[in-house]
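Below, each chain spelled out in residue letters.
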Amino acid sequence: MKKHAGAEKKRVKRSLGSASSTARDSGSDPPARKQGVKKDVFQLFAEKVRDNKGLESRWAVMEEARVEYFRGKDFVSFLKNHPECKEILEEDKDLDAEDIANVLLGKNLLVRCDRVTKTLRPGKKKLSTWPAHLEIFRDDQAFSETDAFFAWTFEKRHPLWQTLLSFFWPVLTLAICLFPVYPHRCKLIVLYSCAGILLMILSLLFVRAVAFGAMWILLGKRVWFFPNILAEEATLKELFRFWPKKDEEEPPKWTSRLFYTVVAVVVVMLLRRHAPDEAARARYQRRMSNIIDDVLEWSPKLALSGLMENQPPVNITEAANNSSDAAAGPDHTEDADLDETQDEEEAEDLANSDIKT
């Protein structure tokens, strides 16, 4: 351990010595100016390397912030396979990967990280290749290839398509809100396109889960086709990669496989037993068809015409009488009630006299 730390310190001194010798050889320019130019060159180099897809990297959480990081051995192999990236360093292009990484660490363009979980979890044979949680390496910030991780500290430049996409999202939101006023043909295109995409995604996830369950029960292998289909951070090529990763975990016990086999059989039998009959499926289908038809056939004109048709017809004579009664006041209402009472009494007297006769 001490030899390893001493070797890293010697490497740092060697990188600093090479940088200082380069500054002395240039001679004519002031040191501050040369330092500024060199910083800009290494900044451009860091941005170019970070934008290059040849350097494998991942995202992780470090001190409540998401960072993009890579492994030390991947950085060395990347510069070996892409020597043209060092051309941007001008007079420092002859430095090896280790010295370049140490200069980037000294300029705070990189920070060395370490995994948070350093113990094996139950059922694991080795630590995770790409940990999801990192912390800053507490010892010397020097480059190392053996189980060392390095995170970029500067903000990545956004490409043009991301900028255009940020302006496109509000337009898409407005278009979604205006869906009810689309023409009927546009509504059909949007509806069937979205339904087809949703059906394809659900079918893919279902087949993927069934294949995993069958291989896990029959062979004891954990095989996930399209392993990155649900990943939060992945490139388009990684997202649609079909072949699964190598299973690094221990095979499951036969008791667990037998238990989940019984559970799967019971679930399938319950679904078959309580499945809806033809009449129920026809009712559900008719109900959903009616809902879809209501959404597709709705338009502002139909809404306004429906409101006008639902209003009851207005009788002009009754409206005039009601308005005149309201204008006459409470006295007029009391007189009308008294006249009605008198008329009822007279009619009752006449009925009694007819009965006596």
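Keep in mind the model is a prediction, meaning the values are calculated, not measured. (Residues numbered from 1 in each chain as written. Predicted model: local features only at pLDDT ≥ 70, side-chain atom pairs only at ≥ 80, totals over all residues. Heavy atoms only, no water.)

Here's the deal with the overall build of the protein chain
This is how the line gets drawn: Strands here are runs of E lasting at least two residues and helices are runs of H or I lasting at least four, both read from the DSSP assignment and numbered beginning at the N terminus. We call two residues contacting when some pair of their heavy atoms lies within 4.5 Å. Accessibility throughout is a Shrake-Rupley quantity obtained with a 1.4 Å probe, and a residue counts as covered only by protein chains that appear here.
A count of helical and extended segments in the protein chain gives 12 helices and 5 strands. At a minimum sequence separation of 6, the contacts of the protein chain that also span at least 24 residues come to 65%. In the structure as shown, the protein chain presents an accessible area of about 26,700 Å², 61% of it carried by carbon and sulfur atoms.

Some details on the side chain of Arg208
The condition is simple: Summary of the burial criterion: residues with accessible area below 20% of their type's maximum are buried, those above 50% are exposed, and those between are partly exposed, where the area comes from a 1.4 Å probe applied to protein chains only.
Note that Arg208 resides in helix H6 (residues 184-218). By relative accessible area, Arg208 is classed as buried at 11%. Not counting chain neighbours up to four residues away, the residues in contact with Arg208 comprise Trp224, Phe225, Phe226, Pro227, Ile229 and Leu230.

Some words on the packing of H6 against helix H8 (residues 254-273)
We count it as follows: All axes here are fitted lines through C-alpha atoms, helices being fitted over the stretch that makes contact, and every angle between N-to-C directions spans 0 to 180 degrees. Put simply, angles under 35 degrees are roughly parallel, angles over 145 are roughly antiparallel, angles from 65 to 115 are roughly perpendicular, and the rest are oblique. A clockwise turn of the near helix away from the far one marks a right-handed crossing, whereas an anticlockwise turn of less than a right angle marks a left-handed crossing. Put simply, Ala, Val, Leu, Ile, Met, Phe, Trp, Tyr, Cys and Pro go in the nonpolar bin, Asp, Glu, Lys and Arg in the charged bin, and everything else, Gly too, in the polar bin.
Direction vectors running N to C along H6 and H8 enclose 135 degrees, while the axes themselves pass 9 Å from each other. What the angle tells us is that H6 and H8 run oblique. Our pair here, H6 against H8, has a crossing hand that is left-handed. Where H6 abuts H8, its residues Trp216, Ile217 and Leu218 lie against Ser256, Arg257, Tyr260 and Thr261. Taken together, the residues of the contact of H6 with H8 sort by class into 4 nonpolar, 2 polar and 1 charged.

What about the environment of Glu297?
With respect to the helices, strands and loops of the structure, Glu297 is situated in helix H9 (residues 278-297). What makes Glu297 exposed here is its relative accessible area of 51%. Expressed as a C-alpha distance, the spacing of Glu297 and His184, which sit 113 residues apart in the sequence, is 7.0 Å.

A word on helix H5 (residues 160-177)
Along an α-helix, a turn takes 3.6 residues, which lines up residues three or four apart on a common side. Quick reminder of the rule: Multiplying 1.5 Å by the residue count of a helix minus one yields the expected span of that helix. Bend at a given residue is defined as the angle between two axes, one fitted to the seven residues that end at that position and one fitted to the seven that begin there.
Between the first and last C-alpha of H5 there are 27 Å, a value that for 18 residues agrees with the 26 Å anticipated at 1.5 Å per step. Along its length, H5 reaches its greatest deviation from straightness, about 30 degrees, at Phe167, and the proline Pro170 lies no more than four positions downstream.

Concerning the environment of Arg222
With respect to the element layout, Arg222 can be found in the loop between H6 and helix H7 (236-239). Separated by 29 residues in the primary sequence, Arg222 and Pro251 have C-alpha atoms spaced 8.2 Å apart.

Remarks on unusual backbone geometry
A positive phi angle, near 55 degrees, is found at Glu63, a position not held by glycine. Along the polypeptide, Glu63 turns up in the loop between strand S1 (58-62) and strand S2 (66-71).

Quick notes on the sheet that holds strand S5 (residues 149-152)
Keep this limit in mind: For two strands to count as paired, DSSP must find a minimum of two bridges between them.
Spatial ordering of the closed barrel is given by S1-S2-S5-S3-S4, a layout of 5 strands whose pairing is mixed. Across this sheet, the average inter-strand angle for adjacent strands is 55 degrees, counted without regard to direction. Strands S2 and S5 of the sheet are contacted by helix H3 (residues 72-81), whose axis makes an angle of about 65 degrees with S2.

A few points about the pattern of salt bridges
Note the threshold: Salt bridges are counted wherever a side-chain nitrogen of Lys or Arg sits within 4 Å of a carboxyl oxygen of Asp or Glu.
Tallying each qualifying case throughout the model produces 8 salt bridges. Its salt-bridge partner being Asp114, residue Lys118 comes within 3.8 Å of it at the nearest N-O pair. What makes Lys118 partly exposed here is its relative accessible area of 45%. Linking Lys118 and Glu135 is a salt bridge whose minimum nitrogen-to-oxygen distance equals 3.0 Å. One end of the pair, Lys118, is in the loop between strand S3 (110-115) and strand S4 (133-136); the other, Glu135, is in strand S4, and 17 residues separate them in sequence. On the basis of relative accessibility, which here comes to 25%, the residue Glu135 falls in the partly exposed class. Overlapping salt bridges, with partners in common, bring together Asp114, Lys118 and Glu135 in one network.

Side note on the UniProt feature "transmembrane region" (unreviewed entry) in the protein chain
Selection criterion: UniProt positions are given in the numbering used here, feature names are shortened, and annotations may be inferred rather than shown by experiment.
As annotated in UniProt, the feature "transmembrane region" (unreviewed entry) corresponds to residues 160-182, 189-218 and 254-271 in the numbering used here. With 78% helix and 0% strand, the stretch residues 160-182 has end C-alpha atoms that lie 31 Å from each other. Here residues 189-218 is 100% helix and 0% strand, with 43 Å between the C-alpha atoms at its ends.

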